[in-house]
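# Close look at the chain arrangement
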2 protein chains.
Amino acid sequence: MAHVATPVPLVPAPADASALRVTDAASLAPVISIRDVKKRCQTCGMRELCLPIALTGDEMKQFDALVAHRTKLKKADTLYRAGESFHALYAIQFGSLKTVVLAEDGREQVIGYHMLGEIIGFDGIDNDRHHAAAIALEDTEVCALPFVSIAQLARIMPALQQNLHHMLSTEHSRAQSVMLMLGSMHAAERLATFLLNLADRYRQRGYSSTEYVLRMTREEIGSYLGLKLETVSRLFARFHQEGLIHVQGRSVKLLDTAALKKITA
Amino acid sequence: MAHVATPVPLVPAPADASALRVTDAASLAPVISIRDVKKRCQTCGMRELCLPIALTGDEMKQFDALVAHRTKLKKADTLYRAGESFHALYAIQFGSLKTVVLAEDGREQVIGYHMLGEIIGFDGIDNDRHHAAAIALEDTEVCALPFVSIAQLARIMPALQQNLHHMLSTEHSRAQSVMLMLGSMHAAERLATFLLNLADRYRQRGYSSTEYVLRMTREEIGSYLGLKLETVSRLFARFHQEGLIHVQGRSVKLLDTAALKKITA
DNA sequence: CGACTAGTTGAGGCCAGTCAATGTTGGTGG
DNA sequence: CCACCAACATTGACTGGCCTCAACTAGTCG
């Protein structure tokens, strides 16, 4: 069963006064000295995609200082649950997560698939509680960025403010695209859109855009696309047969992206 | 046919130097003096729901000063189109608008229905272009809030910054709910959810929550809900027959909200 | 008054869902 | 290392909900 991740301090927290309680959520709060966090934004491979893009060296240092801690998640671990109090955004260092919302009757729907370099948690800002839950799909590591600190820093650092606005807006645009997909596309169009979208995001990250490994089960993909797992499975088979892709379990190879693109339009 | 609205200055713009070109989009830019805008935030009935909530009197004045102009829209007028350059958010004074996104093949999907007191335009922040179009569903009036000014003011006015973040996040949460609806609900559940959502929003605005007039056609409602207009029409008839609602064209009266709520879950 | 748009209602078809059986994969412990 | 098990995936047969097509009505505006 999935359990809540207990953030692992990279270095044992010292017992002296420099130890700082970063958050108020007792169950999640690690006692950890900020000075002891080893990895820094300056050396982070993801900084090009993260909040501090376009910051000067000095600004970067200030931003770096507010990173509360890094959290390691194992597969199926929960980063935050729906209804849980919000205090931080999370930058994904590596790995991937899904975000899910629950209907009142218990049905759940995957509404997001997030990979390294992306920032999640925006849904908690408006009423200090998360609407969705975030669950790791594999071994994953995230940086916790306390939101009050970000907001504070954004006031004196226009570039950071702009980045924050951009990220919030990008999330919104992404959501709009998903709505378009769910509202007006057929099953095959949805899957093709999904496969091409993944290809694009892997390409942006310097990975192969034609060959990748899915991190979600057929059921999770189906949930994200508003389809049943059997439908997803059948579509994979059909695309494979038609020579558009090669599928072997979760390994996917796009063979004819032009044809896939044609399906989406 | 829908045509782009030409914002009507409330007072003829003077020809002197105080005339200020508020925007660069030539076709949309009204030449209007900021000093001549009559209505102020202080006297606006919508200020409780708008960006300046919780601002002090002095802060409110500063915010008020940045409101570039008010725009009057007739039914079917376009406030902004997809692809158009972004420069302002819009606060809806009265009336309502739909937001629509277009797929590459020309299909369009309604992704939002916005009423007085709401702020739209957030989708343009990330790459300075709007992703969706906003179209008036009736005679409507909006305040244009230049985004650079808002951002600037937010840096020195934490309450405004917080409001801005909240609004962006609320939009995100709303989008998540729509995704849940489109991805995992049946036709009847979707319509019931829609009707109850409208009831709630009218209630928040001090209107009747059990009796209201729809501003959208069956086709637009269907597009928003991912259904065809015939399906929407049939569902209205069914709900009516079952005594859940009373429908007469676009006038709706909710008779059994408990039963409607039950349908959604 | 005619033309047009919006809405209703019916008949029939198809796409995706449901139910069910079987195959495959990956992790765990003997 | 292999056997076992559970989770994941595939495939087939059938069903049903929503879409499509179509005819008709009601209301609106020039």
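Since the structure is predicted, the reported quantities are computational estimates derived from the model, not experimental observations. (Residues numbered from 1 in each chain as written. Chains lettered and ligands numbered in written order. Predicted model: local features only at pLDDT ≥ 70, side-chain atom pairs only at ≥ 80, totals over all residues. Heavy atoms only, no water.)

Next up on the list: the protein's contact with DNA strand D. Residues in contact with DNA strand D amount to 15 residues; listed here are only the nearest, Arg218(A), Ser233(A), Arg234(A), Ala187(B) and Thr231(B). Within 4 Å of the protein, the contacting atoms of DNA strand D are 65% sugar and phosphate, with bases supplying the remainder. Within the side chain of Arg250(A), one N or O atom sits 3.0 Å away from a phosphate oxygen of DNA strand D. Contact between DNA strand D and Glu230(B): a base nitrogen at 3.2 Å from a side-chain N or O atom of the residue. Among the secondary structure elements, those contributing two or more residues to the surface near DNA strand D are α6 (229-241) of chain A together with α6 (229-241) of chain B. (Near = heavy atom within 4 Å. Polar contact = N/O pair within 3.5 Å; in protein donor to acceptor, adjacent residues only side chain to side chain. Helix = DSSP H or I, 4+ residues; strand = E, 2+ residues; numbered from the N terminus.)

It is worth spelling out the environment of Ser173(A) at this point. Within the fold, Ser173(A) resides in helix α3 (residues 158-184). Owing to a relative accessible area of 5%, Ser173(A) belongs among the buried residues under this scheme. Along the primary structure Ser173(A) and Met115(A) are separated by 58 residues, whereas in three dimensions their C-alpha atoms are 17 Å apart. In this structure Ser173(A) touches Asp123(B), Asp126(B) and His131(B), once residues within four positions along its chain are discounted. (Buried < 20%, exposed > 50% of the residue type's maximum accessible area, 1.4 Å probe, protein only. Contact = heavy atoms within 4.5 Å.)

As a further point, take the interface of chain B and chain A. Contact residues are listed per partner, giving 43 residues for chain B and 43 residues for chain A. Of the roughly 3,900 Å² buried between chain B and chain A, counting both surfaces, carbon and sulfur atoms make up 60%. The shortest N-O distance in the salt bridge between Glu189(B) and Arg107(A) comes to 2.8 Å. Summed over the shared surface of chain B and chain A, the number is 23 residue pairs in polar contact (both at pLDDT 80 or more). Those elements that place two or more of their residues in the side of chain B that touches chain A are β6 (96-102), β7 (108-115), α2 (147-156) and α3 (158-184) of chain B. (Buried area = accessible area lost by both parts, 1.4 Å probe. Salt bridge = Lys/Arg side-chain N within 4 Å of Asp/Glu carboxyl O.)

We now examine helix α5 (residues 218-225) of chain A. All names here are of chain A. Judged by how many residues are buried, α5 sits mostly within the fold: six of eight residues are covered. Buried within α5 we find Glu220, Ile221, Gly222, Ser223, Tyr224 and Leu225. Against β6 (96-102), β7 (108-115), α3, α4 (187-204) and α6 lie the buried residues of α5. The first or second residue beyond α5 is Gly226, which carries a positive phi of 70°.

This brings us to the packing of aromatic side chains. Residues and elements named next belong to chain A. The tally for this structure, following the rule as stated, stands at 10 aromatic pairs over all chains. Between Phe194 and Tyr224, the aromatic rings sit 5.8 Å apart at their centres with planes inclined by 65°, giving edge-to-face as the arrangement. You can see Phe194 sitting in helix α4 and its partner Tyr224 sitting in helix α5, a full 30 residues away along the chain. Taken as a pair, Phe194 and Tyr224 share a single burial class, namely buried. (Phe/Tyr/Trp six-rings, centres within 6.5 Å; stacked < 30°, edge-to-face > 60°.)

On to unusual backbone geometry. All names here are of chain A. Phi angles above zero are rare outside glycine, and Ala76 is one such case at about 75°. Tracing the backbone through its elements, the reader meets Ala76 in the loop between β3 (69-73) and β4 (78-80). Phi is positive for Asp128, close to 65°, though the residue is something other than glycine. One can find Asp128 in the loop between β8 (119-120) and β9 (133-136). In this structure Asp128 comes out as partly exposed when scored by relative accessible area, which is 43%.

All names here are of chain A. Split into domains, chain A comes out as domain 1 (25-167) and domain 2 (185-264). On a C-alpha basis, the centroid separation for the pair domain 1 and domain 2 is 27 Å. Counting from both sides, the interface comprises 16 residues of domain 1 and, opposite them, 10 residues of domain 2. In this assembly, domain 1 packs against domain 2 so that about 1,300 Å² is buried in total across both faces, 55% of it on carbon and sulfur atoms. Across the domain 1-domain 2 interface, the total number found is four salt bridges. The partner of Lys98 in a salt bridge is Glu220, with the nearest N and O atoms 2.8 Å apart. Put simply, domain 1 and domain 2 have eight residue pairs in polar contact (both at pLDDT 80 or more) between them. Those elements giving two or more residues to the side of domain 1 that touches domain 2 turn out to be β6 and β7. The element best represented in the side of domain 1 that touches domain 2 is β7, accounting for eight residues. Broken down by class, the residue content of the side of domain 1 that touches domain 2 amounts to seven nonpolar, five polar and four charged. (Domains from an automatic or database assignment. Nonpolar A, V, L, I, M, F, W, Y, C, P; charged D, E, K, R; others polar.)

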